[in-house]
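If you want the building blocks of each chain, they are given just below.
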Amino acid sequence: MNNKLKLPSWMQWGRQAYNVPTPESKAYTGGSMFTLHAQMRAAWSSGDYATLAKVGYMRNPIVYRCVRMIAEGAASAELLLYQGGQEFDDHPVLKTLRRPNSRQSGKVFMETLFGHLLVSGNAYVEMIALDGSPRELHALRPDRVKVLADQGGWPRGYEYSTGGKIARHMVDDQGNSPVLHLSLFHPLDDQYGFPPLQAALMALDVHNAASQWNKSLLDNSARPSGALIYSAKDGNNLSEDQFDRLKRELEEGYTGSQRAGRPLLLEGGLDWKAMGYSPRDMDFMQAKNGAARDIALAFGIPPMLLGIPGDNTYSNYREANRAFWRQTVLPMLGRSLDAMSHWFSGHLGEDIRLHFDMDKIEGLSIERDGLWKRVNTATFLDDDEKREAVGYSSNRT
């Protein structure tokens, strides 16, 4: 009888794919046998927009909260417009940003724009102008936009595909385009940005896999995995057909996260010995929290703000929130408004600058309180100088 062990097809494929040498097969002569499942190389999710949106934003609570916090925070900022050193409240650009189209308010539009930027690394805005003045703004889905580059790698236009139709928006001779492209820095791509979530893709997969594995264990009465032992009382081993059938049943019925902890139906001479790690041995929650911290780190959000335990970087919630605004929200908002300022200026033929009102950002109230207190106690300043120091115009004529 041939007692050589045969690897199942999925194990043979794994060895060929990763160039792992196949060990020498030897006949088994013992009176008992146990079977262990081989550990394959980890499979990671792809970094395309659809995967990041579905596996990340739509299925992971940490990613969902990170994107919402940053996008909603940036969209809540009050916008200011300056031209020639003077502030304007009723400029056409401000009116368009406050009511960009018939379906969206200004804050909803900006939240959509920043959401695209965080999930995709790219965000696109299409302008509809009348007599050279902007009338409507529309956020385009990043996965539907293609950058058209020339031979030198410079963008010459944008192609938007939806409903089987393709619309092209080209850059004119002055370098102006009806489409604004916002992108995050990508070290290996000249046209498209690099999304924060892609840097945390491994942590995302670990976090999702931990939740899925835990759910599967609960569905199967939380039974651990282990080894299947064959004790031959008469000294005979399993036949090759019996061994192959047993391997096939194990692979088809008991492997994978969807079948985690599923109980075995054993025949005569077979015994199940639990050998899996307990949640305590695996440090299950610590591993999951560690993955959550990596995701928060990629987005630039202090873990304390997400309720992730084990992080004492900031003394209190207020300090963590201030760091979140200073290090994450305001830099992204500032660079986006700079790009918009340049884009609008090219279309209008006049130099404008968009900015945000620092005094109306609630997350920075602790800074304003400290500034006002220091200025108020400065006896060497008069009232007009104090007003100028905190950003207000003086009463000097």
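The residue count restarts for each chain, going from 1 along the sequence in the order it is written. With the structure being a predicted model, the display of local features is reserved for residues of pLDDT at least 70 and the display and counting of side-chain atom pairs for 80 or more, all residues being used for whole-chain, interface and lining totals. As a rule here, side-chain values come from all non-hydrogen atoms in the structure, and water together with hydrogens is ignored.

(A) Layout of the pairing of strand β4 (residues 122–130). When DSSP finds two or more bridges between two strands, those strands count as paired. By the criteria applied, helices consist of DSSP H or I runs no shorter than four residues and strands consist of E runs no shorter than two, each listed in order from the N terminus. Pairing between β4 and strand β9 (residues 179–183): five bridges, direction antiparallel. In the strand pairing of β9, Ala123 is matched with Leu182. In the sheet, β4 pairs with strand β5 (residues 133–140) via seven bridges, with the strands oriented antiparallel. Counterpart to Ala129 in the pairing with β5 is Pro134. Hairpin connection from β4 to β5: two residues lie between these consecutive antiparallel strands, with Asp131 at a positive phi of about 55°.

(B) Quick peek at the pattern of salt bridges. By definition, a salt bridge exists where a carboxyl oxygen of Asp or Glu is found within 4 Å of a side-chain nitrogen of Lys or Arg. Taken as a whole, this structure holds five salt bridges when the rule is applied. Note that Arg68 is salt-bridged to Glu111, the shortest N-O span being 3.7 Å. Of the two residues, Arg68 sits in helix α3 (residues 61–75) while Glu111 sits in helix α5 (residues 106–120), which places them 43 residues apart along the sequence. A salt bridge links Glu319 to Arg322; the shortest N-O distance between them is 3.3 Å. Placement of both Glu319 and Arg322 in helix α11 (residues 317–348) is noted, with a separation of three residues, approximately one turn of the helix. Note on exposure labels: buried denotes an accessible area under 20% of the residue type's maximum, exposed denotes more than 50%, and partly exposed covers the range between, all computed with a 1.4 Å probe on protein chains only. With relative accessibility at 24%, the residue Glu319 sits in the partly exposed group. A single network of salt bridges, built from pairs that share partners, joins Arg68, Glu72 and Glu111.

(C) Local environment of the packing of aromatic side chains. Classification of ring pairs rests on two measures: the distance between centres of Phe, Tyr or Trp rings, Trp counted by its six-membered ring, which must be within 6.5 Å, and the angle between planes, read as stacked under 30 degrees, edge-to-face over 60 and tilted in between. This structure, assessed with the given rule, holds four aromatic pairs. Their ring planes at 65° and their centres at 6.2 Å tell us that Tyr124 and Tyr158 sit as a pair that is edge-to-face. Of this pair, Tyr124 sits in strand β4 while Tyr158 sits in strand β7 (residues 155–162), and the two are 34 residues apart along the sequence. Grouping residues by exposure puts Tyr124 and Tyr158 together as buried. Both rings, one in Phe324 and one in Trp325, keep their centres 6.3 Å apart while their planes meet at 70°; by these two values the pair is edge-to-face. Trp325 matches Phe324 in its accessibility class, with the two residues each being buried.

(D) The arrangement of the sheet that holds β5 in detail. Strand order in this open sheet of three strands is β5-β4-β9, and the pairing throughout is antiparallel. Since the sheet does not close on itself, it has two edges, and those belong to β5 and β9, each with one partner. Within this sheet the neighbouring strands show an average axis-to-axis angle of 25°, counted without direction. Along the sheet, α5 contacts β4, β5 and β9; its crossing angle with β4, the most-contacted strand, is approximately 145°. Only the stretch in contact is used when fitting a helix axis, every axis being a line fitted to C-alpha atoms; angles between N-to-C directions are given from 0 to 180 degrees. It only takes one pair of heavy atoms within 4.5 Å for two residues to be counted as in contact.

(E) How the structure looks around the packing of α3 against α5. Here α3 crosses α5 at 140°, and the two axes come no closer than 8 Å. Classified by the interaxial angle, the pair formed by α3 and α5 is oblique. Judged by the sense of rotation from one axis to the other, the crossing of α3 with α5 is right-handed. Only Lys107, Met110, Glu111, Phe114, Gly115, Leu118 and Val119 of α5 make contact with α3, whose side of the interface consists of Val67, Arg68, Ile70, Ala71, Glu72, Ala74 and Ala75. Three categories are distinguished: nonpolar for Ala, Val, Leu, Ile, Met, Phe, Trp, Tyr, Cys and Pro, charged for Asp, Glu, Lys and Arg, and polar for the others, with Gly belonging to the last. Counted by class, the contact of α3 with α5 contains nine nonpolar, one polar and four charged residues. Angles are sorted into four bins: roughly parallel if under 35 degrees, roughly antiparallel if over 145, roughly perpendicular if 65 to 115, and oblique for all others. Should the near helix be turned anticlockwise from the far one by less than a right angle, the crossing is termed left-handed; should it be turned clockwise, right-handed.

(F) Representation of α11 within the structure. Take the residue count of a helix, subtract one, and multiply by 1.5 Å to get its expected span. Between its first and last C-alpha, α11 extends 44 Å over 32 residues, near the 46 Å set by a 1.5 Å rise per residue. Its maximal kink placed at Val329, α11 deviates by approximately 35°, while the proline Pro331 follows within four residues. Under this definition, polar contacts are N or O atom pairs within 3.5 Å; protein pairs additionally need one hydrogen-donor-capable and one acceptor-capable atom, and for neighbouring residues in sequence, both atoms have to be side-chain atoms. Of the residues flanking the start of α11, the one acting as N-cap is Asn316, its side-chain oxygen 3.1 Å from the backbone nitrogen of Arg318. One or two steps after α11, the chain reaches Gly349, where phi turns positive at roughly 75°. Bend at a residue means the angle formed by two fitted axes: the first through the 7 residues ending at that position, the second through the 7 residues beginning there.

(G) Main features of the nonpolar core. Note on terminology: a nonpolar core comprises buried Ala, Val, Leu, Ile, Met, Phe, Trp, Tyr and Cys residues joined through side-chain atoms within 4.5 Å. Counting residues in each nonpolar core, the largest one holds 63 residues, and the members touching the most others are Phe299, Ile301, Met340, Phe344 and Leu354. With eleven residues, the top contributor of residues to this core is α11. For Phe299, the residues in contact, after removing those within four places along its chain, are Val63, Cys66, Val67, Ile70, Leu118, Pro196, Leu197 and Thr328.

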